[in-house]
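Topology and contacts: notes
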Amino acid sequence: AGGCGGSVSTSRSVSPAPGHMSDVELNVADLYEVKSSEGPWYPATILRLKRNGRYEGELFGGGCSVHYPSIKRHEIRRRPQRRQRGGRSDDRCARDSRSPARG
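Described in the following lines is the structure provided in the data block. Please read all numbers here as calculations on a predicted model, not as lab measurements.

1. Examining the overall build of the protein chain
Of the regular secondary structure elements, the protein chain holds zero helices and five strands. For the protein chain, the N- to C-terminal ordering of α and β elements is β-β-β-β-β. Counting only residues that meet the buried cut, the protein chain has 28% of its 103 residues in that class. In the protein chain, 50% of the contacts between residues at least 6 apart in sequence involve partners at least 24 apart. Here the protein chain displays about 7,200 Å² of accessible surface, and carbon together with sulfur accounts for 45% of that area.

Structural data, given as structure tokens:
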């Protein structure tokens with residue numbers, strides 16, 4: 001009888017490196033910015049970590065949101081802290097004339 005010996009993992013999911021991918025909080029509005037495919041950074045909500053190690057999110061700008069299905073970790077950063085008023089903003093879209101291009 002044959003078979004695999006030892007401790008070979010059959011899991012297909014990606015384990016995040018310590019301190020690397022697990023530091024992104026999911027479904028928190030106004031916490032992150034994501035670099036769009038055109039270059040500028042836009043406010044974003046990160047929705048989930050995918051099995052391939054990339055993230056899925058919504059970018060906000062120009063009064064609308066754009067779904068980004070494949071965001072690399074280095075394309076995500078924390079938004080600069082502005083004045084804290086004791087709560088989250090209900091305004092989920094930036095008030096400029098630009099809008100993020102789909103990635």
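2. A word on the nonpolar core
The biggest cluster of nonpolar side chains holds 13 residues, and the ones touching the most others in it are Tyr32, Val34, Ile46, Tyr55, Leu59, Ile71 and Ile76. If you list the elements that add at least two residues to this core, you get strand S1 (32-35), strand S2 (41-49), strand S3 (55-61) and strand S4 (64-71).

3. A look at the sheet that holds S2
Read across the sheet, five strands follow the order S4-S3-S2-S1-S5 without closing on themselves; strand pairing throughout is antiparallel. Strand pairing shows two members of the sheet lacking a second neighbour, S4 and strand S5 (76-78), which therefore form its edges. For this sheet the average axis-to-axis angle between neighbouring strands, irrespective of direction, equals 40°. The pairing of S2 with S3 spans five bridges and is classified as antiparallel. What sits directly across from Leu49, in S3, is Tyr55.

4. Description of the pattern of salt bridges
On inspection of all chains with the given rule, the structure shows five salt bridges. With a shortest N-O distance of 3.6 Å, Asp30 and Arg79 are connected by a salt bridge. Taken together, the residues Asp30 in the segment before S1 and Arg79 in the segment after S5 connect sequence positions 49 residues apart. Take Arg79: its relative accessible area is 16%, and that puts it in the buried class. Here Arg77 ties to Glu33 by a salt bridge, and the two come within 2.7 Å at their closest N and O atoms. With Arg77 in strand S5 and Glu33 in strand S1, the pair connects residues that are 44 residues apart, well separated along the chain. We classify Arg77 as partly exposed; its relative accessible area is 37%.

5. Overview of the pairing of S2
Bridge analysis of S1 against S2 gives four bridges, and the strand direction is antiparallel. Looking at the pairing, Tyr32 lines up with Ala44 of S2. Counting the residues in the hairpin turn of S1 and S2 gives five residues, including Gly39, whose phi is positive at 120°. Counting the residues in the hairpin turn of S2 and S3 gives five residues, including Gly53, whose phi is positive at 90°.

Definitions and limits used
Residues numbered from 1 in each chain as written. Predicted model: local features only at pLDDT ≥ 70, side-chain atom pairs only at ≥ 80, totals over all residues. Heavy atoms only, no water. Helix = DSSP H or I, 4+ residues; strand = E, 2+ residues; numbered from the N terminus. Buried < 20%, exposed > 50% of the residue type's maximum accessible area, 1.4 Å probe, protein only. Contact = heavy atoms within 4.5 Å. Areas by Shrake-Rupley, 256 points an atom, 1.4 Å probe, with all protein chains shown as cover. Core = buried A, V, L, I, M, F, W, Y, C linked by side-chain atoms within 4.5 Å. Pairing = 2+ DSSP bridges. Axes fitted to C-alpha atoms, helices over the stretch in contact; angles between N-to-C directions. Salt bridge = Lys/Arg side-chain N within 4 Å of Asp/Glu carboxyl O.

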